[in-house]
Every structure is written in C-alpha cells, then in structure tokens.
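Structural description and commentary
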Amino acid sequence: MKNYFKIAAYFVFVAGIMGISASTIFALSGGPADGRTGSPADGLKTCNDTGCHNSFTLNSGKATFSISAPDNYTLGEVVPITISFGNSSTLKHGFELSALDANDNHIGTFSSVAGDNKTQTSNGNYIKHTSAGSSQSGNASWNVQWTAPADGQGVVTFYAAGNEANGDFTNQGDYIYTTTKQISAAAATPTA
C-alpha cells in the first residue's frame, strides 16, 4: 500500500510539471511578452536573446522580414502598417512591433484593424500576433494601425521582431528576425 502512494505521488508530480511546461509553450503562441522588439527602449531584447527561441543566431534564417508603412505621417493620423514574412515556408509565424521617437520613448498608439483577430495590443505601446495570427504558414503577414501623436514629434522609428517557427510546439528550431522602418512627420501646409 505504501508503494502505491509513492507511485501515485510521482505521477501527480510529473503530470504537474508537464502541464506547466505545456501551458507555457502554448501560451507563447498567443504572443510574446512585451519588450521583445529589439528596440533601444526594450534594451535591444528579442525572443532570441531572452532564452526563448535561441536555436539560431538572430537574423540568420533565409526568410525576409519587413515593415511596410508610408514614408510620412500627419499629426493625429491613423497610419496603416503591414508586417510580413517573405521567402518563408514554415508552419507558424509571430511578431511584435513598437514605435519610438528620437529620444527612444514610445510614441503614438497601436490598434488592431477592426474585425481582425490576428493581432492584439498591450496598452497601445506594443502590437503582436494572437494565437489565430500565429497559425499562418508560408509568407505570413499582419495588418495593424498606428495613430500618430497630435503634436509634432519628427522622425518615428518602428521596431519589429518576428518569429519564423517550425510549429513543433517547442521553442527550438525557430528563427528570430528584426527590422526597422522610419517615417517622418509631414511638413505642415502653410495657411494664408
């Protein structure tokens, strides 16, 4: 009888550890923690150097990872932005994006496109994939919105980190990429 309790306790312990590990792995498919865009405000951290997806050197994969946005913005304007992978054939993808001013402070506010369940925001400072948004195979892309500040801020730099994942439900064998895009405040139109 004594051995029965030991065996039962052992199985409960192992099941608990496996449950914690599995929930951690699956939770990350719903988006990375804030502060993994590779920006100066994030201490240049990505999921590659924080012990999460570090099988390969940063930006060493064969895919392309990019941010598409207009070159200029108008104060208070909602700016459409696309984050995308090219030349990719993996089963899962993810990203996180932030915007910084010239002093490396977060600027503007991110939001998801209405009716789109592929992205989510965190206090407007970061936007990232959701579980549904990570389930894109091949050349994945996400459309997001950034609302520019109402007062003049000059050049804004967008920082993004992307995950090209093999879909094996572990953090191993995945490539992490970084990219940036700068846009400038449009010159004010003089009034008569």
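Residues numbered from 1 in each chain as written. Predicted model: local features only at pLDDT ≥ 70, side-chain atom pairs only at ≥ 80, totals over all residues. Heavy atoms only, no water.

Below, the discussion takes up the pattern of salt bridges. What the rule picks out here adds up to three salt bridges. Across the salt bridge formed by Asp71 and Lys181, the nearest N and O atoms sit 3.0 Å from each other. With Asp71 in the loop between strand 1 (64-68) and strand 2 (72-73) and Lys181 in strand 10 (residues 175-185), the pair connects residues that are 110 residues apart, well separated along the chain. (Salt bridge = Lys/Arg side-chain N within 4 Å of Asp/Glu carboxyl O. Helix = DSSP H or I, 4+ residues; strand = E, 2+ residues; numbered from the N terminus.)

This part takes up the sheet that holds strand 1. The four strands lie next to each other as 1-3-8-5, forming an open sheet whose pairing is antiparallel. Only two strands of the sheet have a single neighbouring strand rather than two, namely strand 1 and strand 5 (109-112). For this sheet the average axis-to-axis angle between neighbouring strands, irrespective of direction, equals 25°. Relative to strand 3 (residues 78-86), strand 1 runs antiparallel, the two being bridged by five bridges. By the bridge assignment, Ser66 is partnered in strand 3 with Ser84. (Pairing = 2+ DSSP bridges. Axes fitted to C-alpha atoms, helices over the stretch in contact; angles between N-to-C directions.)

Right, let's talk about the sheet that holds strand 10 for a bit. One open sheet accounts for six strands, arranged 2-10-9-4-7-6; its pairing is mixed. Strand pairing shows two members of the sheet lacking a second neighbour, strand 2 and strand 6 (119-122), which therefore form its edges. Summarising the sheet, strand 4 (residues 92-100) and strand 9 (residues 156-165) pair through nine bridges and their orientation is antiparallel. When the bridges of strand 9 are listed, Glu96 appears paired with Ala161.

Before going further, it helps to spend a moment on the packing of aromatic side chains. Summed over the entire model, instances satisfying the criterion amount to seven aromatic pairs. Ring plane angle 70° and centroid distance 6.3 Å describe the contact between Phe85 and Trp142, whose orientation is recorded as edge-to-face. Of this pair, Phe85 sits in strand 3 while Trp142 sits in strand 8 (residues 141-147), and the two are 57 residues apart along the sequence. Given the relative accessible area of 1%, Trp142 is considered buried. (Phe/Tyr/Trp six-rings, centres within 6.5 Å; stacked < 30°, edge-to-face > 60°. Buried < 20%, exposed > 50% of the residue type's maximum accessible area, 1.4 Å probe, protein only.)

This next bit is on the nonpolar core. Counting residues in hydrophobic clusters, the biggest one holds 25 residues, and the most contacted among them are Ile81, Leu97, Trp146 and Phe158. Where this core is concerned, the elements lending two or more residues are strand 1, strand 3, strand 4, strand 8, strand 9 and strand 10. Per-element accounting of this core gives the leading share, four residues, to strand 3. Discounting chain neighbours no more than four positions away, the residues touching Ile81 are Ile67, Ser68, Ala69, Leu97, Phe110, Trp142, Asn143, Val144, Trp146 and Phe158. (Core = buried A, V, L, I, M, F, W, Y, C linked by side-chain atoms within 4.5 Å. Contact = heavy atoms within 4.5 Å.)

Here Asn59, not a glycine, exhibits a phi torsion of approximately 60°, which is positive. Along the chain, Asn59 falls in the loop between helix 1 (2-28) and strand 1. Its relative accessible area of 37% is what places Asn59 among the partly exposed residues. In this model, Asn87 sits at a positive phi of 55°, which is unusual for a non-glycine residue. Mapped onto the elements of the fold, Asn87 is located in the loop between strand 3 and strand 4. Overall, the relative accessible area of 59% leaves Asn87 in the exposed class.

Purely geometric stuff here, so don't read any function into it on its own.
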